[in-house]
Structure formats: C-alpha cells, structure tokens
Amino acid sequence: MAAAGDGPWLDEAAGRLVRPFTVSNGRTRPTVAMDLMSQVMATGATPLGYLGPEHAQALDLCRAPVSVAEVAAQLKLPAVVTKVLLSDLVDCGALTTKPPAFHHNPTDRALLEAVLDGLRRQL
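Attention here is on the structure that accompanies the text.

1. Let's talk about the overall build of the protein
For step 1, the next point in the chain: Assigned secondary structure in the protein consists of five helices and five strands.
For step 2, the next point in the chain: Put simply, the protein runs from its N terminus to its C terminus through helices and strands in the order β-β-α-β-α-β-α-α-β-α.
For step 3, the next point in the chain: When burial is assessed residue by residue, the protein has 28% of its 123 residues classed as buried.
For step 4, the next point in the chain: Of the roughly 8,100 Å² of accessible surface on the protein, a fraction of 60% belongs to carbon and sulfur atoms.

Structure representation (structure tokens):
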C-alpha cells in the first residue's frame, strides 16, 4: 500500500519501489556544481521535454529558496541523486542556484568548541 501522496513510488512495507539510481538514469555526477547548503529556486520557466515525477516534485519544492539538503530530505532521495535532478532543472532554465552565504567563519574554533561542549552536556 502506498503512502498518501507518494503514489506508486513508495510502499509502507517494502519502502522505495524505484531504486534511486534509476531516478537519475544511472548518473552520479551533476552537471552543475552545488553542495548540500547551496540554495536553489524556481525561475518560473517551464522545462521543455519530459522530466520525471521527481523532477516535478523537486521543482515544486523550489518555489521559494531552499537548500539542496532540504530538497533531498523532502524527496527522500540520496543527496547525489537529488543534485543530479536539480542540475537537470538548472540546465533547462527552470531553477537557479547560488552557493551558500556564510556570514561567519564556519571553522571558527570558539564556535566549534561551544558546539562540542553542548553535545557533551547532552550525553
């Protein structure tokens, strides 16, 4: 039995019925460089040609700026497969992407120590 809204792609007992690599036609490298924190957003352009249901779902999720990681989580697909799908949409002009904007040093030692301290207190 399929989960609500997932159609024939998911089965509660069996899990995903379509292997992730088939969603990307076996491709493992996106044509556009992006990382998990890259922001993607729909341009409003209609993609030409056939795109799979996952492409349509991804495009729908990108109405507002969203990270690649969030799209992967919502699609329940591995990040690399999601990057391939999103790069297809960028290639056809349906999405734009930009690298994440860091307003602080992501490797700031004091910040990392504070995070580590907080994790230790949780254990």
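Now that the structure is up, let's keep going.
2. Describing the sheet that holds strand β5 (residues 95–98)
Picture the strands of a sheet paired through backbone hydrogen bonds; they go either parallel or antiparallel.
For step 1, the next point in the chain: As summarised here, the arrangement of the three strands in space is β4-β3-β5, forming an open sheet in which the pairing is antiparallel. Edge positions in the sheet fall to β4 (66–67) and β5, since each has one partner strand and no second.
For step 2, the next point in the chain: Judged from the two bridges that link them, strand β3 (residues 39–42) and β4 form a sheet pairing that is antiparallel. Of the residues in β4, the one forming a bridge with valine 40 is valine 66.

3. Points about a nonpolar patch on the surface
For step 1, the next point in the chain: Taken together, the side chains of Leu111, Val115 and Leu119 make up a nonpolar region of the molecular surface, amounting to roughly 250 Å² of accessible area.
For step 2, the next point in the chain: Within the fold, valine 115 resides in helix α5 (residues 109–122).
For step 3, the next point in the chain: Judged by its relative accessible area of 45%, valine 115 is partly exposed.

4. As for the packing of helix α3 (residues 68–75) against helix α4 (residues 79–91)
For step 1, the next point in the chain: Remark: α3 packs on α4, axes separated minimally by 9 Å, with the N-to-C direction vectors making an angle of 105°. Looking at the two axes, α3 sits roughly perpendicular to α4. In this structure, α3 uses Val68, Val71, Ala72 and Leu75 to contact α4, whose residues at the interface are Ala79, Thr82, Lys83, Leu85 and Leu86.
For step 2, the next point in the chain: Considering only residue class, the contact of α3 with α4 consists of seven nonpolar, one polar and one charged.

Cut-off values and rules
Residues numbered from 1 in each chain as written. Predicted model: local features only at pLDDT ≥ 70, side-chain atom pairs only at ≥ 80, totals over all residues. Heavy atoms only, no water. Helix = DSSP H or I, 4+ residues; strand = E, 2+ residues; numbered from the N terminus. Buried < 20%, exposed > 50% of the residue type's maximum accessible area, 1.4 Å probe, protein only. Areas by Shrake-Rupley, 256 points an atom, 1.4 Å probe, with all protein chains shown as cover. Pairing = 2+ DSSP bridges. Patch = residues over 30% accessible without salt bridge, like charges linked within 9 Å, V, L, I, M, F, W, Y side chains within 5 Å. Salt bridge = Lys/Arg side-chain N within 4 Å of Asp/Glu carboxyl O. Axes fitted to C-alpha atoms, helices over the stretch in contact; angles between N-to-C directions. Parallel < 35°, antiparallel > 145°, perpendicular 65-115°, else oblique. Contact = heavy atoms within 4.5 Å. Nonpolar A, V, L, I, M, F, W, Y, C, P; charged D, E, K, R; others polar.

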